[in-house]
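Geometric and topological summary
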Amino acid sequence: MKQDSDLRNNLKSIRTRLGMSQQDLANIANVTRQTISGVESGLYAPSVAITLRLAKALGCQVEDLFWLERDLPEIEAVLAKPVSNGQQLRVSMARVGGQWIAYPLIGKDAFRQDMIPADGESTSLTGTNKVRVRLLDDNLDTLHNTVVIAGCAPVISLWARATERWHPQLRVQYNFANSMAALHSLCRGEAHIAGMHLYDPETGEYNTPFVRDVLAGREAVLITLGVWEEGLLLKSENPMGIRTVSDLVALGATIVNREIGSGSRMLLEQTLQKEQIPFDAVQGFDNILKTHQDVAQAVVRGVADAGMSTASVATAFGLGFIPLHQSRYDLVILKEYLEEAPVQQLLSTLGHRMVHSQFEILGGYDISKIGEVVATV
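To start, this report covers the structure provided alongside it. It should be emphasised that the depicted structure is a prediction, and the values quoted were computed from it without experimental measurement. (Residues numbered from 1 in each chain as written. Predicted model: local features only at pLDDT ≥ 70, side-chain atom pairs only at ≥ 80, totals over all residues. Heavy atoms only, no water.)

Focus on the nonpolar core
Soluble globular proteins: nonpolar side chains tend toward being buried together. Membership of the largest hydrophobic core comes to 56 residues, with the highest contact counts inside it found for W159, L183, L225 and V332. In terms of residue count, strand 13 (residues 220–234) provides more of this core than any other element does, 6 residues in total. Ignoring anything within four residues of it in the chain, the contact list for V332 reads L183, L186, H192, I193, A194, M196, V211, A220, V221 and L222. In this structure, M20, V31, I36 and I50 belong to the second largest nonpolar core, which totals 20 residues. (Core = buried A, V, L, I, M, F, W, Y, C linked by side-chain atoms within 4.5 Å. Buried < 20%, exposed > 50% of the residue type's maximum accessible area, 1.4 Å probe, protein only. Helix = DSSP H or I, 4+ residues; strand = E, 2+ residues; numbered from the N terminus. Contact = heavy atoms within 4.5 Å.)

Now the structure itself:
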């Protein structure tokens, strides 16, 4: 049957979020792969029977999959970052602290490996930091059931995907940000959870002093995700024979660095200061990259001889690794969010064996205290 011009669906969005191929869904729903392709492309309007099969296969309601375009709502939302005036945007949406937040899908924020599906598009700016958004479907339940995490640990995406498999109605939105940027995002009301790994040498504490300073009296809890090994990524087999940060200077090695506010940069600076090595004595100290993956790829491509990251990233890219420090990666959550059902649902999965298995096979993680509340502020 030809598709009704007003009928829309988000079958592909839900299917891909659950990690299913078109053939996987076709097998479960007892239809052909061509049927799935036709529905997703808008060329085919499924019968009632097929619609019910698809909803059952994906663990959702029919209304979660199909809607009439003329029924789509518009809502006002706060922009998570400034944009050019009048610029039309693809955005993802979430409800945080009683207000709608619109996250512009621009540049690297629009991608992980595949392009991220949008929840809506902006229609107009209504203020310096507010925008009208026309939703692309009317499934407000999904937006209400979205938990937003800001952080830089690659394992967050593993945790998120595993959680969504058990709880198909829950969506986890992972916004990449270094530790300080994630904390400020939490403070501004743009995220439910901030992930961070910052060490304060004056107090010997992880994360808590920074949380107290930035949140300035707001109540929060810190829950451990794990302890990871941080250090120098090197080319495989370490052809330059680098063993310490002092060798970076002695051997004339070139590095790539992370931006101010990241835990990796802070560790490098603290290590250099301890060894009494000026920052400008290290070649490439001002060559800034934004992610752990970018640092690893720079070493793989030969752009740099070394860079700061984690043991698990080194393993994933087949690189050498010199451990320098063990850092505790904590999840910072405002107490006002702790009682929200989606947040509770997400946190409850930290004790699940499948999450533990995903972390363990990466290597470089100690998850013996995963899920423990390590501090309240």
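Here we look at helix 12 (residues 292–300)
If you check which residues of helix 12 are buried, you get H292, D294, V295, A296, A298 and V299. On the buried face of helix 12, the contacting elements are strand 13, strand 14 (255–258), helix 11 (263–274), strand 15 (288–289), strand 16 (306–310) and helix 13 (311–317). With a side-chain oxygen lying 3.4 Å from the backbone nitrogen of Q293, the N-terminal cap of helix 12 falls on T291. Note on helix 12: the residue one or two positions beyond its end, G302, has a positive phi of about 85°. (Polar contact = N/O pair within 3.5 Å; in protein donor to acceptor, adjacent residues only side chain to side chain.)

Some words on the pattern of salt bridges
Close approach of charged atoms lets side chains of opposite charge pair. In the structure shown here, the tally under the stated rule is 10 salt bridges. Linking D119 and R171 is a salt bridge whose minimum nitrogen-to-oxygen distance equals 2.8 Å. Of this pair, D119 sits in the loop between strand 5 (99–104) and strand 6 (120–125) while R171 is found in strand 9 (residues 171–176), placing the two residues 52 residues apart along the sequence. For D119, a relative accessible area of 10% puts it in the buried group. Here R218 makes a salt bridge to E336, at a shortest N to O gap of 3.5 Å. Taken together, the residues span a long stretch of sequence, with R218 in the loop between helix 9 (208–215) and strand 13 and E336 in helix 14 (residues 335–338) at a distance of 118 residues. Exposure remark for E336: the relative accessible area of 49% places this residue in the partly exposed category. (Salt bridge = Lys/Arg side-chain N within 4 Å of Asp/Glu carboxyl O.)

As for helix 16 (residues 353–362)
For helix 16, the set of buried residues is V355, H356 and F359. Mapping the buried residues of helix 16 onto a view down its axis gives an arc of 100°, with all of them on the same face. Opposite its buried face, helix 16 presents the exposed residues R353 and I361, each directed more than 90 degrees away. Each element contacted by the buried residues of helix 16 is listed here: helix 7 (155–166), strand 13 and strand 18 (365–366). (Arc of directions from axis to C-beta.)

Here we look at the sheet that holds strand 7 (residues 130–135)
The 5 strands are arranged 3-5-4-6-7 in a closed barrel whose pairing can be described as mixed. Averaged over all adjacent pairs, the angle separating strand axes in this sheet is 55°, with direction ignored. In this sheet, strand 7 lies alongside strand 6 in antiparallel orientation, the contact comprising 5 bridges. Opposite S122, over in strand 7, you have V133 as the bridge partner. (Pairing = 2+ DSSP bridges. Axes fitted to C-alpha atoms, helices over the stretch in contact; angles between N-to-C directions.)

Remarks on unusual backbone geometry
Backbone geometry places A216, a non-glycine residue, at a positive phi of 50°. Along the chain, A216 falls in the loop between helix 9 and strand 13. With a relative accessible area of 64%, A216 lands in the exposed category. For N238, which is not a glycine, the phi torsion comes out positive at approximately 45°. If you trace the backbone, N238 turns up in the loop between strand 13 and helix 10 (245–250).

Looking at the pairing of strand 10 (residues 193–196)
Covered by surrounding structure in strand 10 are I193 and G195 together with A194 and M196, the residues of both alternating faces. Sheet topology note: the strand 8 (residues 146–151)/strand 10 ladder contains 2 bridges and is parallel. Within strand 10, the position partnered with A150 by the bridge is A194. Here strand 10 runs beside strand 17 (residues 320–334); their pairing, made up of 4 bridges, is antiparallel. Following the sheet pairing, I193 is matched in strand 17 by I333.

Concerning the packing of helix 8 (residues 179–187) against helix 9
At a minimum axis distance of 10 Å, the contact between helix 8 and helix 9 shows a crossing angle of 40°. Regarding the angle of helix 8 to helix 9, the classification is oblique. For the crossing formed where helix 8 meets helix 9, the hand is right-handed. Note on element contacts: helix 9 touches helix 8 through F210, V211, V214 and L215, opposite M180, L183, H184 and C187. For the contact of helix 8 with helix 9, the class distribution of residues is 7 nonpolar, 1 polar and no charged. (Parallel < 35°, antiparallel > 145°, perpendicular 65-115°, else oblique. Left-handed = near helix turned anticlockwise from the far one by under 90°. Nonpolar A, V, L, I, M, F, W, Y, C, P; charged D, E, K, R; others polar.)

So, the side chain of S185
Along the chain, S185 turns up in helix 8. Looking at S185, the relative accessible area reads 10%, which means it is buried. Contacts of S185, omitting those with residues within four sequence positions, involve A150, E190 and A191.

Digging into the packing of aromatic side chains
Counted according to the given criterion, the structure contains 5 aromatic pairs. Where Y199 meets Y206, the ring centres are 5.1 Å apart and the plane angle is 50°; that geometry is what we call tilted. Its relative accessible area of 23% is what places Y199 among the partly exposed residues. Classification of Y206 by relative accessible area gives buried; the value is 19%. Here F359 and Y365 contribute two aromatic rings whose centre-to-centre distance is 5.8 Å and whose plane-to-plane angle is 50°, an arrangement assigned as tilted. Here F359 and Y365 have matching classes, each one buried. Ring pairs connect the aromatic residues W228, Y329, F359 and Y365, which therefore count as one cluster. (Phe/Tyr/Trp six-rings, centres within 6.5 Å; stacked < 30°, edge-to-face > 60°.)

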